[in-house]
Amino acid sequence: MKEKVANFRWVVVALLFFATTINYLDRQVIGLLKPTLEKELNWSETDYSFIVMCFTASYAVGLLFFGKIIDQIGSKLGYSISIIIWSIAAMFHALVKTSFGFGAARAVLGLGEAGNFPAAIKSVAEWFPKKERAFATGIFNSGANIGAMVAPIMVPWLLGAYGWQEAFLITGAIGFIWLIFWWIFYEIPSKKQGINQADLDYIQEDDQADNTPIPWKNLFTIPQTWVFIVGKFFTDPIWWFFLFWLPSYFSSTFSLDLKKPSIHLAVLFTCTSIGSIGGGYIPGWLMRKGWPVYKARKTAMLFFAFLALPIISARWATDIWQAVILISIAASAHQAWSANIFTSVSDMFPKNAISSVVGIGGLAGSLGGVIFPYFIGIILDAYKISNNLSGGYNLIFLICGSAYLFAWLLIHFISPQMKPVSPPKKD
């Protein structure tokens, strides 16, 4: 009797989903507390930009470190180290009182949080065949949206009930609860009890026969690596903007009270969950229709790039819900794009190089995330002087809407067919 394929791989996705939710909850807290901390600690927009840049710069370095180390020590241990570091750092925010102290706390938080995606993408590649990886990635990546959705409800409540220090302490402690479940349930398929041969055959159905390691320095000479670098560098900063500045945008432009739970932000980030899961489903559906992997992936990404353009018209929004709808579409397009740019790595690279490539591309995205906030701070401070802060956001929205199409064109130029990387020749 033929063995049936079990569904434990979806338990793995659930674990990754909750880890990503916690990851984004912890990084989103400061954006929601920004108006309170600005008043208590006398921050300027430039001060806040410095704090955001500390996070993104450290996140960039952490991605490079974790990307390489997770390929060496494995996703189980690597993920555990990552969440321990970022949870302690998240709680440490409660102890600092200066912009320098917050910058240091954000730097350690960024270092730890950098391990999330290299470990998660590697785990998906370990447990899923290519035709399901974008969908699985879309599901766990939607945790970013759920974390960002829960934060506008949870953080203002904690702020009102206890204070801003307690908001950092309570949200930071949640990661340790997840760690217990991760250590109990996760293992690679070949070592997991209860996994039969049918499971292994299904998971490994399109693995490359030759899994010869690719030297880390050689990855920079491969065009497919630059596909991921470009895709992350030009689009990751847009998501950083959504996370760290949208609460302030709605507060300054539409007088949204961030001391109360925000249904507007909750709706916005709920919509992005749909984009993340739908963005992962569409290319898989095209593949089942017979489309080649690269064609399905790039067609879907082009569609999502066009879907980001309407955010440019947010400048003409006359009430908050119009702005929410336009920004929701663009933010959903980003998450759909993200699910596919991440999965493109496992399309093109063997499993033993995935975390390294994700780390390298993540570094590029974070470098963009360092540069972009610097200009955001300058733009918003300049427009604030002229009492036209909304004009600064209009310019930023123009950049946000066009970034994805520009990135797609560069990707198409670098690698039109996004072919799998050939294994290195043996001596």
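Values in this document were obtained by computation on a predicted structure and should not be read as measured data.

Draft legend 1. A look at the overall build of the chain. A tally of helices and strands in the chain yields 15 helices and zero strands. In terms of overall size, the chain behaves like a compact globule, its C-alpha atoms giving a radius of gyration of 21 Å where 427 residues would be expected to give roughly 22 Å. Considered along the principal axes of its C-alpha atoms, the chain spans approximately 70 × 45 × 45 Å. Burial status across the chain gives 59% buried among its 427 residues. Look at the contacts in the chain between residues 6 or more apart in sequence, and 85% of them connect residues 24 or more apart. Computed over 31 positive and 24 negative side-chain charges, the inter-centroid distance for the chain is 5 Å.

Draft legend 2. Spatial organisation of empty space enclosed by the protein. Applying the stated criterion across every chain yields a total of two cavities of 30 Å³ or more. A volume near 160 Å³ is recorded for the largest cavity. Tyr 24, Phe 117, Lys 232, Asp 236 and Phe 342 are, among the 17 residues lining the largest cavity, the residues nearest its centre. Mapped by element, the contributors of at least two residues to the lining of the largest cavity are helix H1 (8-41), helix H2 (45-73), helix H6 (130-161), helix H10 (236-254), helix H13 (320-348) and helix H14 (351-385). Looking at side-chain class alone, the lining of the largest cavity contains nine nonpolar, five polar and three charged residues.

Draft legend 3. View of the environment of Thr 56. Take Thr 56: it is sitting in helix H2. Along the chain, Thr 56 and Ile 146 lie 90 residues apart, while their C-alpha atoms are 21 Å from each other. Sequence-distant contacts of Thr 56, that is, excluding residues within four places in its chain, are made with Trp 240, Ser 366, Gly 369 and Val 370.

Draft legend 4. Layout of helix H12 (residues 293-307). An ideal rise of 1.5 Å per residue puts 21 Å on 15 residues; H12 measures up with 21 Å between its terminal C-alpha atoms. Among all positions of H12, only Ala 296, Arg 297, Lys 298, Ala 300, Met 301, Phe 304 and Ala 305 are buried.

Draft legend 5. Representation of the packing of aromatic side chains in the model. A complete count under the given rule lists 26 aromatic pairs for this structure. Measuring from centroid to centroid gives 5.0 Å for Tyr 79 and Trp 182, while their planes differ by 65°, and the two rings are edge-to-face. Of the two residues, Tyr 79 sits in helix H3 (residues 75-92) while Trp 182 sits in helix H7 (residues 164-185), which places them 103 residues apart along the sequence. Both residues of the pair, Tyr 79 and Trp 182, belong to the buried class. Seen in terms of ring centroids, Phe 250 and Phe 254 are 6.4 Å apart; in terms of plane orientation they differ by 35°. Their pairing is tilted.

Draft legend 6. Inspection of the layout of surface pockets at higher detail. The space that makes up the second largest pocket amounts to roughly 200 Å³. In this structure, the second largest pocket is lined by Phe 233, Phe 234, Pro 237, Ile 238, Gly 368, Ile 371, Phe 372, Phe 375, Ile 399, Ser 402, Ala 403 and Phe 406. Residue assignment for the lining of the second largest pocket shows that the elements contributing at least two residues are H10, H14 and helix H15 (389-414). Of the residues that constitute the lining of the second largest pocket, the class distribution is 10 nonpolar, two polar and no charged.

Criteria and thresholds
- Residues numbered from 1 in each chain as written.
- Predicted model: local features only at pLDDT ≥ 70, side-chain atom pairs only at ≥ 80, totals over all residues.
- Heavy atoms only, no water.
- Helix = DSSP H or I, 4+ residues; strand = E, 2+ residues; numbered from the N terminus.
- Rg over C-alpha atoms; globule rule 2.2 N^0.38 Å.
- Buried < 20%, exposed > 50% of the residue type's maximum accessible area, 1.4 Å probe, protein only.
- Contact = heavy atoms within 4.5 Å.
- Lys, Arg positive; Asp, Glu negative; His and termini not counted.
- Charge placed at Lys NZ, Arg CZ, Asp CG, Glu CD.
- 1 Å grid on protein atoms, 1.4 Å probe; cavity = no way out; pocket = protein on both sides within 12 Å on 5 of 7 lines; lining within 4 Å.
- Points joined across faces, edges and corners; volume = space filled by probe spheres on them.
- Nonpolar A, V, L, I, M, F, W, Y, C, P; charged D, E, K, R; others polar.
- Expected span 1.5 Å × (residues − 1).
- Phe/Tyr/Trp six-rings, centres within 6.5 Å; stacked < 30°, edge-to-face > 60°.

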